[in-house]
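Here's the letter readout for the chains.
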Amino acid sequence: MTVQAVLDQIRERPGTGDVIPVFDPATEEQITEFTDCGPEGVNDAVARAKESADSGIWKGKADYERAKILWKVADLIDENKAVLAELESLNAGIPPSQAEVIVSVGSEWFRYYAGWCTKVDGIARDVNTGGLMGMDSHMHAYTLREPYDVVGLIFPWNGPVFNYCAKLAPSLAAGCSSVVKPAEETPLSAFVLDRILHEAGVPEGVVNLVNGRGHTVGAAITAHDDVDKVAFTGSTEVGREIVRASAASNLNKITLELGGKSPVLIFDDADLDTAIMMAGFGTFVHSGQACICGSRIFAQRGVYEKVVDGIANLANGLQLGGPKDEGAMIGPLISAKQLGRVMGYVDQGKQDGAEIVTGGHRLDRKGYFVHPTVVTNVDPATSRLYREEIFGPVVTILPFDDEDEAVAMANDTTYGLAATAWTKDVGRAHRIAKRLKAGTVGVNAQMQFDHSLPFGGYKQSGWGLEAGKAGIDAYLQTKVVWTQM
């Protein structure tokens, strides 16, 4: 399938709602459009998923057969890497080399979880209740791990292929049927991935792709009585809406991977060259549009000026551009809406007295480009720029004096997704790792990831875990069976 074929065919998808334009964020040009499927489309998709679950066509298939199909999906993703990477670049503004890496990571989600298909098991034991229930009874008890029937999978626009695969692979490995909603800004790669699933042998009705806006299609999924579980990646604000929808409907189970305002601590004994390079990369990659970006840097006072100068120099040296711009390292923001959001935070910061060391402006060219921005002199107690998730290439840098102050500043946030500490002191490194309130902590390492390790957040950064064994556990229910011996 070619890119042009995808752009043409997505226009033909049925729907009852608004026509939604899709833009190239590097040029601001409309590249295609599609019709919001609306609540009616969600109802149809859920009905197909429920029918497939009730029939057992997927969850009743031999586990090794499901594993073979998931492995085939991975192979087909690799075979279609070129078109998927081109779509990822076109739709999300990601440099081609980064898009290729994202697609490769996506296929590995399916290979990793193909291995789990044959390893879902429970426990068994003989139990003597010893008269606890009024009688002395010898029982045999065991647990069954069973998939949810229908799950709703809703994911954002930053890394569409990665997010699609991260949710769908474990849900399929568990045996669930699903309704899948990509972000309305980035629907293109999901269209190809849906075709790949069918080609690999996933039966009709097991995975059902729906397209539309969050307040129409996303809301219909989360409020549907036949959706047993919702897995969502996105903003904390929308996460709260999903929780409210669950409470108002069938109390469906929820996994939420939400926002972040991740701290980076740089001590005066750190390898400064490496720390500055990685802290800068960890802030500005994908123009800051990643939940784990280190958007608050704290530098010990003895190296504070060097860190500020180093991050600012790195920001000024990054080449921004679209997928067709040779040498581009950082792409645009996803949309005009996101551009307005980011610049709104920067303008508010200026009014509040923050110092813009570098950046703080939109590039004078087509596309939603913002110069990587370094900010100092913010008030940690009142600055929205400092406290709220911006999701753009903006970082604040503040000084600290000692370890206790650094930890207190780092933890002074409603978020808790990721954190990083740079120091050569081994004892301090382990103390810091224990004290930082975050689901992922890097010690002299930043932006690390592996399919086999769990990922999730503390505080308002989410509920539950993805990846690793925890990733498939999220799509399984536990049943206890008691039998009289």
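Read on for a plain summary of the structure.

Scoring rules and cut-offs
Residues numbered from 1 in each chain as written. Predicted model: local features only at pLDDT ≥ 70, side-chain atom pairs only at ≥ 80, totals over all residues. Heavy atoms only, no water. Helix = DSSP H or I, 4+ residues; strand = E, 2+ residues; numbered from the N terminus. Buried < 20%, exposed > 50% of the residue type's maximum accessible area, 1.4 Å probe, protein only. Contact = heavy atoms within 4.5 Å. Areas by Shrake-Rupley, 256 points an atom, 1.4 Å probe, with all protein chains shown as cover. Lys, Arg positive; Asp, Glu negative; His and termini not counted. Charge placed at Lys NZ, Arg CZ, Asp CG, Glu CD. Pairing = 2+ DSSP bridges. Axes fitted to C-alpha atoms, helices over the stretch in contact; angles between N-to-C directions. Salt bridge = Lys/Arg side-chain N within 4 Å of Asp/Glu carboxyl O. Expected span 1.5 Å × (residues − 1). Arc of directions from axis to C-beta. Parallel < 35°, antiparallel > 145°, perpendicular 65-115°, else oblique. Left-handed = near helix turned anticlockwise from the far one by under 90°. Nonpolar A, V, L, I, M, F, W, Y, C, P; charged D, E, K, R; others polar. Phe/Tyr/Trp six-rings, centres within 6.5 Å; stacked < 30°, edge-to-face > 60°.

### Thoughts on the overall build of the protein
1) Next: Scanning the protein from N- to C-terminus turns up 16 helices and 18 strands.
2) Next: For the protein, the spread of C-alpha atoms along the three principal axes comes to 70 × 60 × 40 Å.
3) Next: Here the protein holds 485 residues, and 56% of them are scored as buried.
4) Next: Contacts spanning at least 24 positions in sequence make up 72% of the contacts within the protein whose residues lie at least 6 apart.
5) Next: Surface exposure of the protein reaches about 20000 Å², of which carbon and sulfur atoms provide 52%.
6) Next: One finds the centroid of the 44 positive side-chain charges in the protein at a distance of 3 Å from the centroid of its 62 negative side-chain charges.

### Quick look at the sheet that holds strand β6 (residues 177–181)
1) Next: Spatial ordering of the open sheet is given by β7-β6-β5-β8-β9-β17, a layout of six strands whose pairing is mixed. Looking at the sheet topology across the chains shown, the edges are occupied by β7 (207–209) and β17 (462–463).
2) Next: With five bridges joining them, strand β5 (residues 150–154) and β6 adopt parallel strand pairing. If you follow valine 151 over to β6, its bridge partner there is serine 178.
3) Next: Contacts between helix α9 (residues 236–248) and the sheet are confined to β8 (229–233), β9 (253–257) and β17, with β9 contributing the most and set at about 180 degrees to the helix.

### Focus: the pattern of salt bridges
1) Next: Counting across every chain of the model gives 21 salt bridges.
2) Next: We note a salt bridge from aspartate 78 to arginine 111, for which the minimum N-O separation is 2.6 Å. Placement of aspartate 78 in helix α3 (residues 63–79) and of arginine 111 in helix α5 (residues 96–116) is noted, with a sequence separation of 33 residues between them.
3) Next: Of the charged contacts in the structure, one is a salt bridge between glutamate 388 and arginine 384, with a shortest N-O distance of 3.0 Å.
4) Next: Taking the relative accessible area as the measure of exposure, glutamate 388 reaches 27% and is therefore partly exposed.

### Some remarks on helix α2 (residues 38–55)
Residues that lie three or four places apart on an α-helix share one face, since the helix turns once every 3.6 residues.
1) Next: Helix length check: α2, at 18 residues, gives a terminal C-alpha distance of 26 Å against a target of 26 Å (1.5 Å per residue), a fit within 8%.
2) Next: If you check which residues of α2 are buried, you get Gly38, Gly41, Val42, Ala45, Val46, Ala49, Ser52 and Ala53. Projection of α2 onto a plane perpendicular to its axis shows the buried side chains occupying an angular sector of 130 degrees, all on one side. Across α2 from its buried face, at more than 90 degrees, point the exposed residues Glu51, Asp54 and Ser55.
3) Next: Summarising the contacts, the buried residues of α2 are in contact with β5, β6, β7 and α8 (214–222).
4) Next: A positive phi of about 75 degrees marks glycine 56, the residue just after α2.

### Concerning the packing of helix α14 (residues 403–411) against helix α15 (residues 426–435)
1) Next: Relative to each other, α14 and α15 sit at 30 degrees, their axes nearing to 11 Å. As judged from the angle between their axes, α14 and α15 are roughly parallel. Of the two possible hands of crossing, α14 and α15 adopt the one that is right-handed. In this structure, α14 uses Glu403, Asp404, Val407 and Asn411 to contact α15, whose residues at the interface are Arg428, Arg431, Ile432 and Arg435.
2) Next: Split by residue class, the contact of α14 with α15 holds two nonpolar, one polar and five charged.

### So, the packing of aromatic side chains
1) Next: Throughout the structure, instances matching the rule amount to nine aromatic pairs.
2) Next: Ring geometry for tryptophan 109 versus tyrosine 113: centroids 6.2 Å apart, planes at 5 degrees, classification stacked. With tryptophan 109 and tyrosine 113 both in helix α5 and four residues apart, this pair spans about one turn of that helix.
3) Next: Accessibility expressed as a relative area gives 2% for tryptophan 109, which makes it buried.
4) Next: Under the relative-accessibility criterion, tyrosine 113 is labelled buried at 0%.
5) Next: On the basis of an interplanar angle of 75 degrees and a centroid distance of 5.6 Å, the ring pair of tryptophan 109 and phenylalanine 162 is categorised as edge-to-face. Placement of tryptophan 109 in helix α5 and of phenylalanine 162 in helix α6 (residues 160–174) is noted, with a sequence separation of 53 residues between them.

Limitation: the analysis is restricted to geometry and does not speak to function.
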